[in-house]
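Fold and contact review
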Amino acid sequence: MTGWAMALFQRDLRLSVRIGGSALVGVLFFLAVVTVIPFGVGPDLNLLARIGPAILWIGALLATLLGLDRLFQADREDGTLDLMMMAGRPLELVILIKCLAHWIATGLPLVVAAPLLAIFLNLDPVSMGAVTLTLLVGTPALTLIGAIGASLTVSLRRGGLLLAVLVIPLAIPVLIFGVSSADAAIHDPVPFLTPFLILCALTLIAAVVGPIASAAALRFSAD
Amino acid sequence: MRSSLLKLIAENLTIDRGGRRVFQDLSFSLSQGSALVVTGANGIGKSSLLRTLAGLVPLAAGTIRLEGGETDRLPQEQAHYFGHQDAVKPALSVLENLRFWQNFAAASVCEDFTGSTLSPSLVLETLGIGHTAHLPAAYLSAGQRRRLSLSRLLVTPRPVWLMDEPTSALDKTSEQQLLGIMNDHLASGGLIVTATHTELVLDRVETLHLQAADPAEQAPEEALL
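What counts and how
- Residues numbered from 1 in each chain as written.
- Chains lettered and ligands numbered in written order.
- Predicted model: local features only at pLDDT ≥ 70, side-chain atom pairs only at ≥ 80, totals over all residues.
- Heavy atoms only, no water.
- Helix = DSSP H or I, 4+ residues; strand = E, 2+ residues; numbered from the N terminus.
- Rg over C-alpha atoms; globule rule 2.2 N^0.38 Å.
- Buried < 20%, exposed > 50% of the residue type's maximum accessible area, 1.4 Å probe, protein only.
- Contact = heavy atoms within 4.5 Å.
- Patch = residues over 30% accessible without salt bridge, like charges linked within 9 Å, V, L, I, M, F, W, Y side chains within 5 Å.
- Areas by Shrake-Rupley, 256 points an atom, 1.4 Å probe, with all protein chains shown as cover.
- Salt bridge = Lys/Arg side-chain N within 4 Å of Asp/Glu carboxyl O.
- pLDDT = per-residue confidence, 0-100.
- Axes fitted to C-alpha atoms, helices over the stretch in contact; angles between N-to-C directions.
- Parallel < 35°, antiparallel > 145°, perpendicular 65-115°, else oblique.
- Left-handed = near helix turned anticlockwise from the far one by under 90°.
- Nonpolar A, V, L, I, M, F, W, Y, C, P; charged D, E, K, R; others polar.
- UniProt positions renumbered as here; feature names shortened; annotations may be inferred.
- Expected span 1.5 Å × (residues − 1).
- Bend = angle between axes of the 7 residues up to and from the residue.
- Pairing = 2+ DSSP bridges.

Counting secondary structure elements, chain A contains 9 helices and 0 strands. Starting at the N terminus, the α and β elements of chain A follow one another as α-α-α-α-α-α-α-α-α. Its C-alpha radius of gyration of 18 Å places chain A within 12% of the 17 Å reference for a compact globule of 223 residues. Projected onto its principal axes, the C-alpha coordinates of chain A cover approximately 55 × 35 × 30 Å. Counting all 223 residues of chain A, 49% fall into the buried class. In chain A, once contacts between residues fewer than 6 apart in sequence are set aside, the share between residues at least 24 apart is 80%.

In structure tokens form, the structure reads like this:
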């Protein structure tokens, strides 16, 4: 059973590395969002430090949305998706593995870039660590929720925008608990663990609901 | 009673695509070692029939069974679909493309079907694209891509082959080779359903000719829908 899962995982990872750009474009977009905000807000360092975690989270959310539309579309266009459905493997697991590979190729670079971008926003080391940790736990949820949108818009030529509109409302809980646990680490009286554990729970729920809903949508659009 | 003989049975297939009825109450059965050639005018539903058998188009009514096959697998999971799209990733090398399908698709064998698992490099060699094994698939010509797609059928044994216009983009030599491969598959106890416009010289052929219903006959039915 692990053989086919590994083959799929390696193929997806290899494709995103070879086609190139997906990780870099995401990080550059993240950088663009984060650098543009101080220009809009003004050079108030205290204000920036206070809203920094929120900016990083919103930047990560937008950067994640950027690459999601190709999650299934490339496989559908060349007929691979049809064959995957006939392969005799559970489609839900196939989607989970594809999401994992996609997250490693596009989500993980965002997490790695976050501490560097946090410097731009005048975050102190503690909040830098807190934001990075919450992004590490929370961005998989964004990819998994995004997979639902990606499979719903798989047959549309320009589904990227519709995908963003569909996914953003569903991603709001993740955003709320991601930002609030990062904030909790900075401001003392509030416990960090409570929102953080809820964020972990959201990711685990997304790991179940995302693939199931996404598989249903893909089966429906197979025609 | 021994019923392990493979038999593909379709009963009263009815499918709708885009709100239009493509065909209604189509039944056939195909026994082991024979090929069903589906003919008919463009747009009559040949591809739809193959995609239905592949489980990619939902049935409005009817059933598809593979008698004597693995009971815990759906018929489409014991079938290979060789359609118009090649499912070849240009960024991967030819061998990587083929290895992925060998590892990913579940093989399906039963006592009466003795399809063997061939190694990817051997299959590529047989199909005359062995020299391209380490090239990115992006550099292949249309015919070579088609042959790479065909080699997928040989590395994973499955008894049923669903082939939509299998000879398209192939030259005369490759076409002969394809026929050889198809005959070998039939000889080893497989089944083939193919939609085609060209004459295919296969060992045991049954023909299913799809034809539009007589308009006068169809009128009352249309009224019902």
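Read on, since the account is not over.
All names here are of chain A. On the surface, Leu24, Leu28, Leu31, Leu116, Ile119 and Phe120 cluster together into a nonpolar patch covering about 580 Å² of accessible area. Elements that contribute at least two residues to the nonpolar patch include exactly helix H2 (22–41) and helix H6 (91–120). Looking at the secondary structure, you find leucine 31 in helix H2. Classification of leucine 31 as partly exposed rests on a relative accessible area of 31%.

Turning our attention to unusual backbone geometry. Residue and element names in this part refer to chain B. Residues other than glycine seldom take positive phi values, yet glutamate 165 does so here, at roughly 50°. Within the secondary structure layout, glutamate 165 lies in the loop between strand E6 (160–164) and helix H5 (172–187). For alanine 169, which is not a glycine, the phi torsion comes out positive at approximately 70°. Its location among the elements puts alanine 169 in the loop between E6 and H5.

Moving on, we come to the environment of threonine 2 of chain A. Its location among the elements puts threonine 2 of chain A in helix H1 (residues 2–19). Distance from threonine 2 of chain A to isoleucine 37 of chain A, taken between C-alpha atoms, is 45 Å for residues 35 residues apart in sequence.

Right, let's talk about the confidence of the model for chain B for a bit. Residues and elements named next belong to chain B. Across chain B, the average pLDDT comes to 84, with 92% of residues at or above 70. Here residues 216–225 is a poorly scored stretch, pLDDT under 50, and it has 3 contacts once near neighbours within four places are set aside; other chains count. Interface confidence for the predicted complex, expressed as ipTM, amounts to 0.85; the pTM equals 0.89.

Turning our eyes to something else, we now look at the packing of helix H7 (residues 125–152) of chain A against helix H8 (residues 160–186) of chain A. A pair of packed helices is captured by two measures, namely the crossing angle of their axes and the spacing between those axes. Residues and elements named next belong to chain A. Remark: H7 packs on H8, axes separated minimally by 9 Å, with the N-to-C direction vectors making an angle of 165°. With respect to their mutual orientation, H7 and H8 come out roughly antiparallel. Both H7 and H8 take part in a crossing whose hand is right-handed. Of the residues contributing to the contact of H7 with H8, the split by class is 17 nonpolar, 7 polar and no charged.

Another point: the UniProt feature "transmembrane region" (unreviewed entry) in chain A. Residue and element names in this part refer to chain A. In this structure's numbering, the residues bearing the UniProt feature "transmembrane region" (unreviewed entry) are residues 21–41, 47–72, 93–120, 126–148, 160–180 and 192–218. Between the C-alpha atoms that bound residues 47–72 the distance is 40 Å, and the span itself is 96% helix and 0% strand. Along residues 93–120 one finds 100% helix and 0% strand; the C-alpha atoms at either end are 39 Å apart.

Once that is clear, we can look at the pattern of salt bridges. All names here are of chain A. Applying the stated criterion across every chain yields a total of 18 salt bridges over all chains. For glutamate 92, the salt bridge goes to arginine 219, with nearest N and O atoms at 3.6 Å. Of the two residues, glutamate 92 is situated in helix H6 and arginine 219 in helix H9 (residues 193–220); the sequence distance between them amounts to 127 residues.

This part takes up H6 of chain A. Residues and elements named next belong to chain A. Over its 30 residues, H6 runs 42 Å from end to end, which matches the ideal 44 Å to within 8%, given 1.5 Å per residue. Along H6, the largest kink reaches about 40° and is centred on tryptophan 103. Looking one or two residues beyond H6, the residue adopting positive phi is asparagine 122, at roughly 60°.

Turning our attention to the sheet that holds strand E1 (residues 7–17) of chain B. Strands in a sheet are paired, the pairing made by backbone hydrogen bonds, and the direction either parallel or antiparallel. All names here are of chain B. Here we have 3 strands laid out as an open sheet, ordered E2-E1-E4, and antiparallel in their pairing. The sheet is open, and its two borders are formed by strand E2 (20–31) and strand E4 (61–67), each paired with just one other strand. Across the sheet, the axes of successive neighbouring strands diverge by a mean angle of 15°, strand direction being ignored.

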